[in-house]
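Given next are the chains, with one letter for each unit.
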Amino acid sequence: DHPMHGWLAGVHPDDRDLVLAAHGAAPARALAVSYRIVRPDGERQVTERLAPVTHGRDDTRQERVVSVVTDVTDALADAARRSSLETQLRQAQK
């Protein structure tokens, strides 16, 4: 059983392989991955930033990976609305 099994169950089934790959890679440098989560109130889009925490004289020994997940659903919807309004405005000005 994967250690994230309970948490991973909330990830959209089509995005689970992407999330597992990002978490399984033990990133050598910071990376970001976007995916969907499924909640009782609907689907949300998130961006997760993962960064290795290293120590030692040459910072080559990785202790852990720090992860921050940000819900970007509303920001994406706002950007889509803004783009649509800009398109309508340009068309109205013709």
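In this report, we go over the structure that sits alongside the text. Just so we're clear, the structure is a prediction, and the values are computed from it rather than from any experiment.

Here we come to the pattern of salt bridges. As enumerated under the stated definition, the model contains 5 salt bridges in all. Arg36 is the partner of Asp15 in a salt bridge, and the nearest nitrogen-oxygen pair spans 2.8 Å. Note that Asp15 is positioned in the loop between helix 1 (5-8) and helix 2 (16-24) and Arg36 in strand 1 (residues 31-39), a separation of 21 residues in sequence. When its relative accessible area of 22% is taken as the criterion, Arg36 is described as partly exposed. A salt bridge links Asp74 to Arg44, with the shortest nitrogen-to-oxygen separation between them at 3.5 Å.

So, about the packing of aromatic side chains. One pass over the full model with this rule turns up 1 aromatic pair. Aromatic side chains Trp7 and Tyr35 sit 6.3 Å apart centroid to centroid with 85 degrees between the ring planes, which places their arrangement in the edge-to-face category. In this pair, Trp7 is assigned in helix 1 and Tyr35 in strand 1, connecting sequence segments 28 residues apart.

On to the environment of Arg64. With respect to the helices and strands, the residue Arg64 is situated in strand 3 (residues 61-71). We classify Arg64 as partly exposed; its relative accessible area is 49%.

Our next topic: the pairing of strand 2 (residues 42-55). Remark: a regular strand shows side chains that alternate across the two faces of the sheet. Sheet topology note: the strand 1/strand 2 ladder contains 9 bridges and is antiparallel. Residue pairing across strands places Tyr35 opposite Val46, the latter belonging to strand 2. Linkage of strand 1 to strand 2, two consecutive antiparallel strands, is achieved through a turn of 2 residues.

Counting residues in hydrophobic clusters, the biggest one holds 8 residues: Leu8, Val11, Val19, Ala22, Val33, Tyr35, Val46 and Leu50. Of all the secondary-structure elements, those providing two or more residues to this core are helix 2, strand 1 and strand 2. Apart from the residues lying within four places of it in its own chain, the contact partners of Leu8 are Arg16, Val19 and Leu20.

Here is what the cut-offs are and how they apply
- Residues numbered from 1 in each chain as written.
- Predicted model: local features only at pLDDT ≥ 70, side-chain atom pairs only at ≥ 80, totals over all residues.
- Heavy atoms only, no water.
- Salt bridge = Lys/Arg side-chain N within 4 Å of Asp/Glu carboxyl O.
- Helix = DSSP H or I, 4+ residues; strand = E, 2+ residues; numbered from the N terminus.
- Buried < 20%, exposed > 50% of the residue type's maximum accessible area, 1.4 Å probe, protein only.
- Phe/Tyr/Trp six-rings, centres within 6.5 Å; stacked < 30°, edge-to-face > 60°.
- Pairing = 2+ DSSP bridges.
- Core = buried A, V, L, I, M, F, W, Y, C linked by side-chain atoms within 4.5 Å.
- Contact = heavy atoms within 4.5 Å.

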